[in-house]
Amino acid sequence: MSTVTKPKHIGRNISRIRELRGMKQEILAEAIGTSQRAISVMESSETIDPKRLEEIAKVLGVTVEAIENFSEESVFNFFNTFYDNSANNGQGNGNTNNNACTFNPLDKVVELYERLVQAEKEKVEYLENFMKGK
């Protein structure tokens, strides 16, 4: 049985990183000074010119090595290492952040409304004075 590994498909890796970043081909193309069609061709290529790969890596905010060694599995492993502590609402080991409001949100809405009403009153007063002057 042979355990030959598939060569890395750099273009596919660029495509997946770009998609994970929420970036369209057009934006990447514009950032490196080429066309969307050229990006499409690059993403279907197994190899990319090293200089062009550096430009793409910079725009994507990753290293060339990250593109070359990218795998879906590593992305999932990365995100699975985070522990979501939001379910315990600050209860637990004593060093959690309590993100409760320190003010009443309804009071803030009322305050904002009162400021808006006051601004409108000032506008009306200004316009009335302006019209009296004519």
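Remember, predicted model here, so these are calculated numbers, not experimental data. (Residues numbered from 1 in each chain as written. Predicted model: local features only at pLDDT ≥ 70, side-chain atom pairs only at ≥ 80, totals over all residues. Heavy atoms only, no water.)

**A short note on helix α1 (residues 10-20)**
Reasoning step 1: Looking only at α1, the buried set comprises Ile10, Gly11, Asn13, Ile14, Ser15, Ile17 and Arg18.
Reasoning step 2: Phi for glycine 22, located one or two positions after α1, is positive at around 75°. (Buried < 20%, exposed > 50% of the residue type's maximum accessible area, 1.4 Å probe, protein only. Helix = DSSP H or I, 4+ residues; strand = E, 2+ residues; numbered from the N terminus.)

**Brief notes about the confidence of the model for the protein**
Reasoning step 1: The predicted model of the protein has a mean per-residue pLDDT of 81, with 73% of residues at 70 or higher.
Reasoning step 2: The lowest-confidence element of the protein is helix α6 (residues 72-80), averaging 66 in pLDDT; the highest-confidence one is helix α3 (residues 36-43), averaging 94. (pLDDT = per-residue confidence, 0-100.)

**Structural notes on the packing of α1 against helix α4 (residues 50-60)**
Reasoning step 1: In contact at an axis separation of 11 Å, α1 and α4 are set at 15° when each is read in the N-to-C sense. Considering the angle they form, α1 stands roughly parallel to α4. Judged by the sense of rotation from one axis to the other, the crossing of α1 with α4 is left-handed. In this structure, α1 uses Ile10, Ile14, Ile17 and Arg18 to contact α4, whose residues at the interface are Leu53, Ile56 and Leu60. (Axes fitted to C-alpha atoms, helices over the stretch in contact; angles between N-to-C directions. Parallel < 35°, antiparallel > 145°, perpendicular 65-115°, else oblique. Left-handed = near helix turned anticlockwise from the far one by under 90°. Contact = heavy atoms within 4.5 Å.)

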